[in-house]
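The chain contents come next:
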Amino acid sequence: MAIQISPSILSADFARLADEAAAVSGAADWLHVDVMDNHFVPNLTLGLPVVESLLKAVTVPMDCHLMIEDPDRWAPAYAEAGAGSVTVHAEAARSPVRTLREIRGQGARAGLALNPGTALESYADLVPEVDMLLLMTVEPGFGGQRFLDIVLPKIRRARELIAATGGSIWLQVDGGITDETVERAAEAGADVFVAGSSVYKAEDPAAAVQALRAQAEKAAG
């Protein structure tokens, strides 16, 4: 499986977002944008207007992760704006199939996210509807948290479920991905890695992306 790294601008300097995006250009596969509304999660970050502006200034495809209430209403607009991937939370979506199809209809990849405590089996029937399954490896809302090893068995089950569909669904992990945890997640079956602090707190963000990719590729075999 092809390993992909998606640096999270949640850990970047918000006053220099275009420059921070450029710092990983050429090394990163995606630029991960955490959209939080202070309702679904206890934090407020940025929304559609900032994403629209940032899209005009970046070359790396944008991976928008919507940690918001009512994603059924808002998600298609992120795809329409030009995001390459838009992920909604299973816990928040009231009409997930329709929303996922609307995202795809706007030309973006459609993703479904599950919190650490959300059972994968409850949403197994939705897997054929997604381009990417995102398993949170921290409780969503804040960057810089420690990776939850209790999610590793869930990643393995998700990889088995994806394999059973016969599709090419990506399996993303988000939260606490560092040089100390990326190999465990890759061994469990993840192939897309969101990394915030470990990239943007590094002296050379692009080099940090390359190092994480090398570790994940080695672990994935």
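Predicted model, so just to flag it, every value in this text is computed and none were measured.

Colleague: Help me understand the nonpolar core, please; the structure alone is not making it clear to me.
Modeller: Most often, soluble globular proteins have nonpolar side chains that are buried together. Ranked by internal contacts, the top residues of the largest apolar core, which has 66 residues, are Ile 9, Leu 31, Met 62, Leu 66, Val 86, Ile 155 and Phe 193. The element best represented in this core is helix 8 (residues 205-220), accounting for five residues. Once you skip the residues sitting within four places of it in the chain, Leu 66 turns out to touch Val 35, Ala 75, Tyr 78, Val 86, Thr 87, Val 88 and His 89.

Colleague: Looking at this structure, I do not really get the packing of aromatic side chains. What am I missing?
Modeller: For any pair of aromatic rings, geometry is given as the distance between the ring centres together with the angle between the planes. All chains considered together, the criterion is met by one aromatic pair. Taking the centre distance of 6.0 Å and the plane angle of 70 degrees together, the rings of Trp 30 and Trp 170 count as edge-to-face. Remark: Trp 170 occurs in strand 7 (residues 170-174) and Trp 30 occurs in the loop between helix 1 (17-22) and strand 2 (31-36); sequence separation between them is 140 residues. Over the ring of Trp 170 we find Arg 109, and its NZ or CZ is 3.5 Å from the ring centre.

Colleague: Quick question: what am I supposed to make of the packing of helix 3 (residues 71-81) against helix 4 (residues 96-105) here?
Modeller: A pair of packed helices can be characterised by two numbers: the angle between their axes and the separation between those axes. Packing of helix 3 against helix 4 brings their axes to within 8 Å, and their N-to-C directions diverge by 10 degrees. Considering their axes alone, helix 3 and helix 4 lie roughly parallel with respect to each other. Mapping the contact onto sequence places Pro 71, Asp 72, Ala 75, Pro 76 and Ala 79 in helix 3 and Pro 96, Arg 98, Thr 99, Glu 102 and Ile 103 in helix 4.

Colleague: Please clarify how the pairing of strand 3 (residues 62-67) should be interpreted in this entry.
Modeller: When a strand is regular, its side chains alternate between the sheet's two faces. Burial analysis of strand 3 places six of its six residues in the buried class, the great majority of the element. Every second residue of strand 3 is oriented toward a common face, with Met 62, Cys 64 and Leu 66 on one face and Asp 63, His 65 and Met 67 on the other, all of them buried. Across six bridges, strand 2 lies against strand 3 in parallel orientation. Residue Val 35 lies in a different strand from strand 3, and its bridge partner there is Leu 66. Each parallel crossover has a hand, and for strand 2 linked through helix 2 (residues 48-55) to strand 3 it is right-handed. Note: strand 3 against strand 4 (residues 85-89), four bridges, orientation parallel. Across the sheet, Leu 66 pairs through a bridge with Val 88, a residue of strand 4.

So, how was this worked out
- Along each chain, residue indices are assigned from 1 in the same order as the chain's sequence is written.
- Per-residue local features of the predicted model are confined to residues with pLDDT of at least 70, and side-chain atom pairs are confined, for both listing and counting, to 80 or more; whole-chain, interface and lining totals are unaffected and use all residues.
- The side-chain numbers reported here are obtained from all heavy atoms of the structure, hydrogens and water having been left aside.
- Among buried residues, the Ala, Val, Leu, Ile, Met, Phe, Trp, Tyr and Cys ones that are joined through side-chain atoms within 4.5 Å form a nonpolar core.
- Type-normalised accessible area, obtained with a 1.4 Å probe on protein chains alone, sets the label of each residue: buried when under 20%, exposed when over 50%, and partly exposed for intermediate values.
- Secondary structure elements follow DSSP: runs of H or I no shorter than four residues count as helices, runs of E no shorter than two count as strands, and numbering proceeds from the N terminus.
- A contact between two residues is defined here by any heavy atoms of the two lying within 4.5 Å.
- Ring pairs are drawn from Phe, Tyr and Trp, using the six-membered ring of Trp, whenever the two centres fall within 6.5 Å, and their geometry is named by plane angle: stacked under 30 degrees, edge-to-face over 60, tilted for the rest.
- Only Lys NZ and Arg CZ are tested; either one counts as a charge over a ring when it is within 6 Å of the ring centre and within 35 degrees of the ring normal.
- Axes here mean lines fitted to C-alpha atoms, for a helix over just the part in contact, with angles spanning 0 to 180 degrees between N-to-C directions.
- For this classification, under 35 degrees means roughly parallel, over 145 means roughly antiparallel, 65 to 115 means roughly perpendicular, and everything else is oblique.
- Here the rule is simple: two strands pair whenever DSSP picks up at least two bridges between them.
- Note on handedness: a crossover is taken as right-handed if, strands pointing away from the viewer, the path from the first strand over the helix to the second is clockwise.

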